[in-house]
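The lines below spell out each chain.
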Amino acid sequence: MSNTSITDSPKLLDIVRGKIRLKHYSIRTEQAYVDWIKRFILHFDKQHPKNLGAQHVEQFLTYLAVKSKVSASTQNQAKSALLFLYKEVLGLELPWLDDVEQAKTPKRLPVVLTKEEVKAVLEQLDGTNHLIVSLLYGTGMRILEALRLRIKDVDFARKEILIRDGKGFKDRVTMLPDALAAVLKAHIAKVKTLHEQDLAEGYGEVYMPMALAKKYPSGARDWSWQYVFPSKRLSVDPRSEDEKVRRHHVQGQAIQRAVRQAVRDAGITKLATPHTLRHSFATHLLEGGYDIRTVQELLGHSDVATTMIYTHVLNKGGRGVSSPLDIL
């Protein structure tokens, strides 16, 4: 095996980025994968990955679990990045990694807010933040699913929201709450005015996945493709080769900060995040008597076993019994 340095192939990471974009992975996945591949290369003194193999991947992943003590989800992300590198970029199939020391996965029940707590949190928010967080609770969407909504994905007539390329690259439909219809319409009217101003100033483009950008050359400026929740600022698209100035969607970190502050202001001690509203959505539907298959479909879970965790939160099923103390 030769001792080729990564410097002999300076475009490796560019090839990785190209492959990721070809498969329409998110920019966050791209950044994470590139970072893990860099760390893997540096861990083995900048050797080119083609001169490393399954045993080196196993060593690196075990190092992360044992020495760095990363979480199970972090180790799995690193593993996915390296498998992508070998299979998609280098064209090599790694044997199953049986000897990897697995990081321990804690078995925790999801944090769920009561209906009164959800109301208290929402009362601390206003404007776009209130609308976004209300949608998270009212539809069960993940935060990025909400922020990536396009105008054409909201159907007021059918009272539906189409969630495209959700987790696992699956589309699904969820409800549009009646309580938000008028507010969302008014918000979209303001977004349209902003878009028209952008067009008048020579801008007005939005990010389009590569395949769709080729299929609909003018789609990036089309109203139907604009984000429902656009950023206040124009910015250079880091994925564009010609440094296109576009209007991206609101950043997830901004919503996370807003929710954390709202939870504190509401006097709630639970460690609630935007994702907690998705958990609360599912739990409150089950409390309301909706069947678990319906909730599974609305959440976009592939396996009903994933949705079953909310029955444990409710203490239903085999453990739905009364304490003997309450019977006295």
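Before reading on, note that the structure itself is shown above.
Residues numbered from 1 in each chain as written. Predicted model: local features only at pLDDT ≥ 70, side-chain atom pairs only at ≥ 80, totals over all residues. Heavy atoms only, no water.

Engineer: Any chance you could break down the environment of P49 for me, citing the residues and the numbers?
Structural biologist: Here P49 is to be found in the loop between α2 (27-43) and α3 (54-66). Between the C-alpha atom of P49 and that of A78, which follows or precedes it by 29 residues, the distance is 14 Å. (Helix = DSSP H or I, 4+ residues; strand = E, 2+ residues; numbered from the N terminus.)

Engineer: An account of the sheet that holds strand β3 (residues 172-175) is needed here, citing residue identities and associated values.
Structural biologist: Within a sheet, neighbouring strands are paired by backbone hydrogen bonds and run either parallel or antiparallel to one another. Taken together, 3 strands build an open sheet; the order of strands is β1-β2-β3 and the sheet is antiparallel. What marks the edges here is a single partner per strand, and that holds for β1 (154-155) and β3. As defined by bridge partners, strand β2 (residues 160-163) adjoins β3 across 4 bridges and the pair is classed as antiparallel. Its bridge partner being in β3, E160 is matched across the sheet by M175. (Pairing = 2+ DSSP bridges.)

Engineer: Just give me the short version of the pattern of salt bridges, but keep the residues and values in it.
Structural biologist: If you walk through the whole model with that rule in mind, you get 15 salt bridges. Where E88 meets K23, a salt bridge forms, and the shortest distance between an N and an O atom there is 3.7 Å. You can see E88 sitting in helix α4 (residues 72-89) and its partner K23 sitting in the loop between α1 (12-22) and α2, a full 65 residues away along the chain. Since its relative accessible area comes to 25%, E88 is described here as partly exposed. With a shortest N-O distance of 3.4 Å, E205 and K244 are connected by a salt bridge. In this pair, E205 is assigned in the loop between α8 (178-200) and α9 (210-215) and K244 in the loop between β4 (235-236) and β5 (245-246), connecting sequence segments 39 residues apart. (Salt bridge = Lys/Arg side-chain N within 4 Å of Asp/Glu carboxyl O. Buried < 20%, exposed > 50% of the residue type's maximum accessible area, 1.4 Å probe, protein only.)

Engineer: Break down the packing of aromatic side chains for me, with residues and values.
Structural biologist: Tallying each qualifying case throughout the model produces 7 aromatic pairs. Measuring from centroid to centroid gives 6.4 Å for W36 and F60, while their planes differ by 75 degrees, and the two rings are edge-to-face. Separated by 24 residues along the polypeptide, W36 in helix α2 and F60 in helix α3 bring together distant segments of the chain. Accessibility expressed as a relative area gives 4% for W36, which makes it buried. Taking the centre distance of 5.4 Å and the plane angle of 75 degrees together, the rings of F40 and F44 count as edge-to-face. Each member of the pair, F40 as well as F44, is classed as buried. Taken together, the ring pairs connect W36, F40, F44, F60 and Y86 into an aromatic cluster. Stacked on the ring of W225, the Lys or Arg K152 has its end atom at 4.1 Å from the ring centre. Note that K185 overlies the ring of F156, its terminal NZ or CZ placed 5.3 Å from the centroid. (Phe/Tyr/Trp six-rings, centres within 6.5 Å; stacked < 30°, edge-to-face > 60°. Lys NZ or Arg CZ within 6 Å of the ring centre and 35° of its normal.)

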